[in-house]
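Chain residues, written in single-letter form:
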Amino acid sequence: MKLSKTMKKFMAVVCTFALVVSSLAVNNFVKADDGSWAFTSTSYQTNAEKTQYNITVNYSAYQGAEPDGYYYSIYVDEEADGNIGIASNGWDWGKAQGRHGFDTVYKTKEGEAFKPGETHKIIVVAYEKNEDESFTRLDSIETEITLPAELPTLSQEEQEKKEMEDACVSDANLAKGTTGFVSWNEDPAPALVDGNLGSGTGNSSVKGENDFVGVNLGEVKTIGSIITKFESACPAEFVVYVAGADGVYGDTPVATNIATGANPIVKTTFAAVEAQYVKVVQTVPSELSTMYGMNAFELAVFAGEKTPENPETTPAEVETTTPAEVETTTPAEVETTTPAEVETTTLAEVETTTPAEVETTTPAEVDTTTPAVVETTTEAPKTTTAAPKVTTKKALGKTTVKSASKKKAATKVKLTFKKVKGAKKYQVQISKTKKFKKVLVKKTVRKVSVTIKSKKIKNQKKLYVRIRAVGAKKWSKAKKIKIKK
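Residues numbered from 1 in each chain as written. Predicted model: local features only at pLDDT ≥ 70, side-chain atom pairs only at ≥ 80, totals over all residues. Heavy atoms only, no water.

### Thoughts on the sheet that holds strand 5 (residues 119-129)
Then step 1. Judged by pairing direction, the sheet is antiparallel, and its 3 strands sit side by side in the order 3-5-6 without closing on themselves. Lying at the two open borders of the sheet, with one neighbouring strand each, are strand 3 (71-76) and strand 6 (135-146). For this sheet, the mean angle separating the axes of adjacent strands, direction not counted, is 20 degrees.
Then step 2. In this sheet, strand 5 lies alongside strand 3 in antiparallel orientation, the contact comprising 6 bridges. Of the residues in strand 5, the one forming a bridge with Y71 is Y127. (Pairing = 2+ DSSP bridges. Helix = DSSP H or I, 4+ residues; strand = E, 2+ residues; numbered from the N terminus. Axes fitted to C-alpha atoms, helices over the stretch in contact; angles between N-to-C directions.)

### Some thoughts on the environment of M291
Then step 1. Mapped onto the elements, M291 comes out in helix 3 (residues 287-292).
Then step 2. The spatial distance from the C-alpha of M291 to the C-alpha of G208 is 9.2 Å, given a sequence separation of 83 residues.

### Here's the deal with the side chain of D211
Then step 1. Looking at the element boundaries, D211 is found in the loop between strand 7 (179-182) and strand 8 (212-230).
Then step 2. With residues near it in sequence (within four places) discarded, D211 still touches S183, W184, S204, V206, V280, V281, Q282 and M294. (Contact = heavy atoms within 4.5 Å.)

### Section: the pattern of salt bridges
Then step 1. One pass over the full model with this rule turns up 7 salt bridges.
Then step 2. The partner of E158 in a salt bridge is K50, and the shortest N-O contact between them spans 2.9 Å. A residue pair is termed long-range when its members are at least 10 positions apart, and E158 in helix 2 (residues 156-169) and K50 in the loop between strand 1 (39-46) and strand 2 (53-59) qualify at 108 residues.
Then step 3. Measuring nitrogen to oxygen at the nearest pair gives 3.6 Å for the salt bridge that ties K176 to D171. (Salt bridge = Lys/Arg side-chain N within 4 Å of Asp/Glu carboxyl O.)

### Overview of the pairing of strand 3
Then step 1. With 6 of 6 residues buried, strand 3 lies mostly within the body of the structure.
Then step 2. With burial as the criterion, each face of strand 3 is covered, one bearing Y71, S73 and Y75 and the other bearing Y72, I74 and V76. (Buried < 20%, exposed > 50% of the residue type's maximum accessible area, 1.4 Å probe, protein only.)

### Some thoughts on helix 2
Then step 1. Along its 14 residues, helix 2 runs 20 Å from first to last C-alpha, staying within 8% of the 20 Å computed at 1.5 Å per residue.
Then step 2. M164, E165, A167 and C168 are the residues of helix 2 that are buried. Seen along its axis, helix 2 keeps its buried residues to an arc of 160 degrees; they face one direction.
Then step 3. On its buried face, helix 2 sits against strand 8, strand 11 (265-285) and strand 12 (296-303). (Expected span 1.5 Å × (residues − 1). Arc of directions from axis to C-beta.)

### A few points about the sheet that holds strand 2
Then step 1. Taken in spatial order, the 3 strands of this open sheet run 1-2-4, and their pairing is antiparallel. This sheet does not close on itself; its edge strands, each paired only once, are strand 1 and strand 4 (102-105). Here the average twist between neighbouring strands, direction ignored, is 15 degrees.

### Section: a nonpolar patch on the surface
Then step 1. Together, L288, M291 and Y292 give the surface a local cluster of nonpolar side chains, amounting to about 290 Å² of exposed area.
Then step 2. Exposure remark for Y292: the relative accessible area of 46% places this residue in the partly exposed category. (Patch = residues over 30% accessible without salt bridge, like charges linked within 9 Å, V, L, I, M, F, W, Y side chains within 5 Å. Areas by Shrake-Rupley, 256 points an atom, 1.4 Å probe, with all protein chains shown as cover.)

Rendered as structure tokens:
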């Protein structure tokens, strides 16, 4: 069938339109007409160790593309064509499509860390991907940023954290490279003792009390402290048990401690003991460990040194030295002297004899025998009673809840309580009953004025709170929380 000229023209227009539509479908994005493309913010921040600055830039999409259909690459100081195909921050190019909004750069174009006081140009380039998999440069934006002249110093808490992390990866860590184990898996847990603070055991499937992580040191060693790096799903409270070569743990833990915050690292110190196995047992789960199960990144063990102050060594020294001196000195002096000598040196003889006799008796014997025995037998007991007093620890006192209030529909309660001398952390419990038969909320805090959050206390008509210092035996008196409308 022959087509008329008019029909041929119509078909040509339709085919042309179809080609345009198919081309747009392949690109799968629409370009805006306003031409807006710019940085929205530029900032700098230090790394966690505060050893260098990193630079973060935020920028809008090129041409306001919607949906995202362009590719972006970020450069420092100058644009380099050789980097086309490598996305920002070392991402694979295929993952960079439409990834706009922010980028963080950590090094200069020479691969060096940013230094304080330096000024750098940051360039972001937009590309369009062609059908042959090549890229066409479309446009670029650039900004300039000057870094502060000095790096900030670590706070005391940050410095302590850094020292603990450095200790975990050092050769002083007796557990590094040994055998780790966990309660929720029969297989060894090498990530727990590999000296890598970024690798962990994986979350427990039990999600409750008595979950534990541990280490077999391979042989009995004298230890005095451990450092545990937890994931945020950490125990609120835990205890430490040790065992000898037989693997039999005692009924009493050598230490108790707590963990709070995101990825906490905790040091636990105890009196030096001989041990081959160390086990950290969760006694009170946190909110996250209850939801996901406990997870630990590293368990490090460190040497301890037994000293004479330890109870295991002090009594032995007292028993083997003091009695021996008393028994061998005094009886020998009395038995070997003659009756005549005894009569001339006693106080009774001195009082009843004539002055002449007093002067002519042997003062040398009085001075050199009796005082010597008295001095050596009375001083020794004084040294035996001092050692036990050094090891006595004063128990932490009882706190008092000053105020506690919340709105009925709120999920948080404001608390203030009295500070306990010597206490670093406090345990908080909230219950619907005054006798705390069922505890709704368990939290561990550092400050004496805090806000506790939990969905469990929302719309409760009656609530009570009690608090005690970590390490104290007695709780505060239960305080009724004031419920506001």
